[in-house]
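If you want the building blocks of each chain, they are given just below.
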Amino acid sequence: METNSKNSTAALINLSTLTQYFIPFGNFLFPIIIWSTTRDKSEYVNEQGKQTINFQLSLFLYTFVLALIAIPIVLVTFFNNVSFNAIINNDDLFFENFDFSNMTGVITIAISAIALFIFMKIAEFFLIIYASVKTSNGDNFKYPLTIPFIK
């Protein structure tokens, strides 16, 4: 594979992860399709494709673990600390004595989880752009905090 072609393909693999903002799971589908069709033509494209897919899988795992930790804690804390009386009157649901005074822990956990998720998505966006520029110039790029699922 020609140098310009392999650099462009590696950059395209990285940029194809941005399809996640338009197509659900596009950040997995398109890089895998491009990588699997071109990995035999260049070792550079093969290595950069693995890096990109491993990074996306790592971010998915981090998000999944964060959700597994945060969601049950928020739900359990919410239902243990909030006292309310539900009254159904003429098919309408009313809550009386709905008290948020003991909810500081839940609010802290929720804000921390949201902030971490937002930080991860912003970092992901800029790392994808940076990786695309580096690979289009022919430089090897390794994403930080990436678990090597595909070796």
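Summarised in this report is the structure supplied together with it. (Residues numbered from 1 in each chain as written. Predicted model: local features only at pLDDT ≥ 70, side-chain atom pairs only at ≥ 80, totals over all residues. Heavy atoms only, no water.)

Attention now goes to the nonpolar core. Generally speaking, nonpolar side chains in soluble globular proteins are found buried as a group. By size, the foremost hydrophobic cluster in this structure holds eight residues: Leu18, Phe55, Leu59, Met120, Ile128, Ala131, Phe141 and Tyr143. Of all the secondary structure elements, the ones that give two or more residues to this core are helix H3 (43-81) and helix H4 (104-136). Broken down by element, this core gets its largest block of residues, three residues, from H4. Not counting residues up to four positions away in its chain, the partners in contact with Leu18 are Phe125, Ile128 and Ile129. With five residues, the next largest nonpolar core counts Ile13, Ile34, Val45 and Ile53 among its residues. (Core = buried A, V, L, I, M, F, W, Y, C linked by side-chain atoms within 4.5 Å. Buried < 20%, exposed > 50% of the residue type's maximum accessible area, 1.4 Å probe, protein only. Helix = DSSP H or I, 4+ residues; strand = E, 2+ residues; numbered from the N terminus. Contact = heavy atoms within 4.5 Å.)

Another aspect to go through is the packing of aromatic side chains. Summed over the entire model, instances satisfying the criterion amount to eight aromatic pairs. Seen in terms of ring centroids, Tyr130 and Phe141 are 5.5 Å apart; in terms of plane orientation they differ by 75°. Their pairing is edge-to-face. Here the residue Tyr130 occupies a position in helix H4, and Phe141 occupies one in the segment after H4, the gap between them amounting to eleven residues. The exposure class assigned to Tyr130 is partly exposed, which follows from its relative accessible area of 45%. (Phe/Tyr/Trp six-rings, centres within 6.5 Å; stacked < 30°, edge-to-face > 60°.)

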